[in-house]
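# Residue-level structural notes
Here's the letter readout for the chains.
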Amino acid sequence: NETENLQKRIGMEANPWKTYQHTITSFHYLKQADIRSQFLTTCSFADEKPSARLPWDLLIVDEAHNLMPTSFGAESDLTEMLRAISPYFEHKLFLTATPHNGHTTSFSGLLELLDPVRYHKTNEISKSQRDRIKKLTLVRRLKSGINKIDEDKGKKPRFCERKLEPIALFFN
């Protein structure tokens, strides 16, 4: 919608990626071939002096598990899109509250998208890769852990305690 408004104001050739310093977009929007192509044209330095700086400062991917490479078969269009755009960002932050799917290939593939110099997609993580993974800034918090922090500070827990009760099933 904002792209259409921009094109109405400036012209059909207006590129939103060149117009704004900060942009928030959905990865489903960016995966479209024409939109991705528009984005990638902003990444070329054809009209500028060569630079060691990348064209974009920060890529934040929320729900990053949706863009995780598969452990087998062809990559999804979301993964292909992330693979195409991520080299143009100086820093990357992948956010997810969903644990990875348990496949080493998928997890290592996501790490490769995050930092292709240090990681590569593999079906077995070597000791040196494990050591590099330990250096990642990884924050994992459970509701019970957050409640414990709150209680230690003398505060009321933010989350209620989960009580599971068995369900009796009756069949005729």
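Residues numbered from 1 in each chain as written. Predicted model: local features only at pLDDT ≥ 70, side-chain atom pairs only at ≥ 80, totals over all residues. Heavy atoms only, no water.

### Quick look at the nonpolar core
Rules: To form a nonpolar core, buried Ala, Val, Leu, Ile, Met, Phe, Trp, Tyr and Cys residues must be joined to one another through side-chain atoms within 4.5 Å. Only protein chains enter the accessibility calculation, which uses a 1.4 Å probe; a residue is then buried when its area is under 20% of its type maximum, exposed when over 50%, and partly exposed in between. Note on conventions: DSSP H or I runs of at least 4 residues are helices, E runs of at least 2 residues are strands, and numbering of each starts at the N terminus.
Phe-39 and Phe-94 are the most contacted members of the largest nonpolar core, which totals 20 residues. Residue assignment for this core shows that the elements contributing at least two residues are helix H3 (27-30), helix H4 (33-41), strand E1 (56-61), helix H5 (77-85), strand E2 (89-94) and helix H6 (104-114). Tallying contributions element by element places H5 first for this core, with 4 residues.

### So, the pattern of salt bridges
Selection criterion: Salt bridges are defined by distance alone: a side-chain nitrogen of Lys or Arg within 4 Å of a carboxyl oxygen of Asp or Glu.
Overall, the coordinates contain 8 salt bridges when judged by the stated rule. A salt bridge links Asp-131 to Lys-127, with the nearest nitrogen and oxygen atoms 3.2 Å apart. One end of the pair is Asp-131 and the other is Lys-127, both in helix H7 (residues 127-134) and 4 residues apart, which spans about a single turn. Taking the relative accessible area as the measure of exposure, Asp-131 reaches 31% and is therefore partly exposed. Beyond isolated ion pairs, a larger network of salt bridges with shared partners links Glu-75, Arg-83, Glu-112 and Lys-121.

### Quick word on the pairing of E1
Quick note on the threshold: Strands are labelled as partners when DSSP assigns at least two bridges between them. Here the term right-handed applies to a crossover when the path leading from its first strand over the helix to its second strand runs clockwise, the strands being oriented away from the viewer.
With 5 bridges connecting them, E1 and E2 associate as parallel partners. Across the sheet, Trp-56 pairs through a bridge with Phe-89, a residue of E2. Viewed along the sheet, the connection from E1 through H5 into E2 turns out right-handed.

### Thoughts on the environment of Gln-32
Relative to the helices and strands, Gln-32 is located in the loop between H3 and H4. Taking relative accessible area as the criterion, Gln-32 reaches 36% and is therefore assigned partly exposed. Separated by 46 residues in the primary sequence, Gln-32 and Leu-78 place their C-alpha atoms 9.5 Å from one another.

### So, unusual backbone geometry
Residues other than glycine seldom take positive phi values, yet Glu-63 does so here, at roughly 60 degrees. In this structure, Glu-63 sits in the loop between E1 and H5. Accessibility expressed as a relative area gives 35% for Glu-63, which makes it partly exposed.

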